[in-house]
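Each chain is listed here by its residues.
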Amino acid sequence: MTEQIAGEAHRQGRIEVVCGSMFSGKTEELIRRMKRAKFARQRVEIFKPAIDTRYSDNDVVSHDQNAIPSTPVDNSSSILLLSSDIDVVGIDEAQFMDMGLVEVCNQLAYRGVRVIVAGLDMDFKGVPFGPIPALCAIADDVTKVHAICVKCGNLAYVSHRLVENDKRVLLGETQEYEPLCRECYRKATGEQ
């Protein structure tokens, strides 16, 4: 007969969301949390949308070039299929996932999995983006991280698009986007 340590019989799942504008450190924070979980000998798996191939086809890579191996997926339901026997699931660039991600994260948490989701909370027009707002609503913990406004040095509010393109999804970097505070964004877009 083996004794169970308190808490071992039923691991409590949770959902953590790390959100903010581009260049705010969302992916960096996701990688940090995932590496800590691996160090604690937890079974981890990180997923990203297959469309995000900016730095790597397979790895999740931060703007500072920190990387962690990941599994690209075409839809959120694949995450459920690929995450059996996992303690911690990480999901990067979650704003590009379908709305089914909310239910996927709930199901994982109910299974006792710690789910860490990183993504943009707003698109380049300042509109809530993809499943992130709904994930923030059901999350056990939400961390909003901020970049620094490149115009004035205040905390950034939004990722301002620098190129002419109205597509909502446009993968890019510093040539396509810049972090701006609310006031500098208003000035840049001519909004009153």
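No experiment lies behind these values; they were computed from the predicted model shown.

**Q** So what's going on with the overall build of the protein? Residues and values would help.
**A** On a plain count of helices and strands, the protein comes out with five helices and ten strands. Every one of the 192 residues in the protein was classed for burial, and the buried ones make up 46%. Residue pairs at least 24 apart in sequence account for 70% of intrachain contacts in the protein once pairs closer than 6 positions are excluded. Accessible area for the protein stands at about 10200 Å²; split by element, carbon and sulfur atoms hold 49% of it.

**Q** Could you give an account of the packing of aromatic side chains, naming the residues involved and the relevant values?
**A** All chains considered together, the criterion is met by two aromatic pairs. Look at Phe-96 and Phe-129: their rings are 6.0 Å apart centre to centre, the planes differ by 85°, and that puts the pair in the edge-to-face class. Of the two residues, Phe-96 is situated in the loop between β6 (88-91) and α3 (101-110) and Phe-129 in the loop between β7 (114-120) and α4 (132-138); the sequence distance between them amounts to 33 residues. No difference in accessibility class separates Phe-96 from Phe-129, as the two residues are buried. The positively charged end of Arg-161 is found above the aromatic ring belonging to Phe-124, 3.6 Å away from the centroid.

**Q** How would you explain the side chain of Asp-121 if you had to name every residue and give the values?
**A** You can see Asp-121 is positioned in the loop between β7 and α4. Overall, Asp-121 belongs to the buried group, its relative accessible area being 11%. Residues in contact with Asp-121, not counting those within four places in the same chain, are Cys-19, Gly-20, Ser-21, Val-127, Pro-128, Phe-129, Ile-132, Pro-133 and Lys-144.

**Q** Mind laying out α3, listing which residues take part and the relevant values?
**A** The element α3 is largely enclosed, with a buried count of seven among its ten residues. For α3, every residue scored as buried is listed here: Leu-101, Val-102, Val-104, Cys-105, Asn-106, Leu-108 and Ala-109. Those residues of α3 that are buried are in contact with β1 (14-20), α2 (77-82), β6, β7 and α4. In the segment just after α3, Gly-112 is the residue with positive phi, at about 95°.

**Q** Tell me what's going on with helix α1 (residues 26-39), and back it up with residues and numbers.
**A** Taking 1.5 Å per residue, 14 residues should reach 20 Å; α1 reaches 20 Å between its end C-alpha atoms and fits that length. For α1, the set of buried residues is Lys-26, Thr-27, Glu-29, Leu-30, Ile-31, Arg-33, Met-34 and Ala-37. Arg-41 occupies a position one or two residues after α1 and carries a positive phi of about 65°.

**Q** Help me get a handle on unusual backbone geometry, residues and values and all.
**A** The residue Phe-23 is not glycine, and still its phi comes out positive at about 65°. In this model, Asp-85 sits at a positive phi of 60°, which is unusual for a non-glycine residue. Take Asp-85: it is sitting in the loop between α2 and β6.

**Q** Give a detailed account of the pairing of β7, specifying residues and quantitative values.
**A** Within a regular strand, side chains alternate between the sheet's two faces. With six of seven residues buried, β7 is to be regarded as a mostly interior element. Bridge analysis of β1 against β7 gives seven bridges, and the strand direction is parallel. If you follow Arg-14 over to β7, its bridge partner there is Arg-114. Examined bridge by bridge, β6 and β7 share four bridges and lie parallel to one another. Among the inter-strand pairings, Val-88 is bridged to a residue of β7, identified as Arg-114. Handedness of the crossover joining β6 and β7 through α3: right-handed.

**Q** Account for the nonpolar core, naming residues and giving values.
**A** Counting 24 residues, the largest nonpolar core has Ile-79, Ile-91 and Val-117 as its most contacted members. Among the secondary structure elements, those contributing two or more residues to this core are β1, α2, β6, α3, β7 and α4. It is α3 that provides the largest number of residues to this core, a total of six residues. Those residues in contact with Ile-91 that lie beyond four places of it in its chain are Leu-30, Ile-46, Phe-47, Ile-79, Met-97, Leu-101, Cys-105, Val-115, Ile-116, Val-117 and Ala-118. Residues Ile-46, Val-88, Ala-118 and Val-145 belong to the second largest nonpolar core, which totals twelve residues.

What counts, and at which threshold
- Residues numbered from 1 in each chain as written.
- Predicted model: local features only at pLDDT ≥ 70, side-chain atom pairs only at ≥ 80, totals over all residues.
- Heavy atoms only, no water.
- Helix = DSSP H or I, 4+ residues; strand = E, 2+ residues; numbered from the N terminus.
- Buried < 20%, exposed > 50% of the residue type's maximum accessible area, 1.4 Å probe, protein only.
- Contact = heavy atoms within 4.5 Å.
- Areas by Shrake-Rupley, 256 points an atom, 1.4 Å probe, with all protein chains shown as cover.
- Phe/Tyr/Trp six-rings, centres within 6.5 Å; stacked < 30°, edge-to-face > 60°.
- Lys NZ or Arg CZ within 6 Å of the ring centre and 35° of its normal.
- Expected span 1.5 Å × (residues − 1).
- Pairing = 2+ DSSP bridges.
- Right-handed = clockwise from strand over helix to strand, strands pointing away.
- Core = buried A, V, L, I, M, F, W, Y, C linked by side-chain atoms within 4.5 Å.

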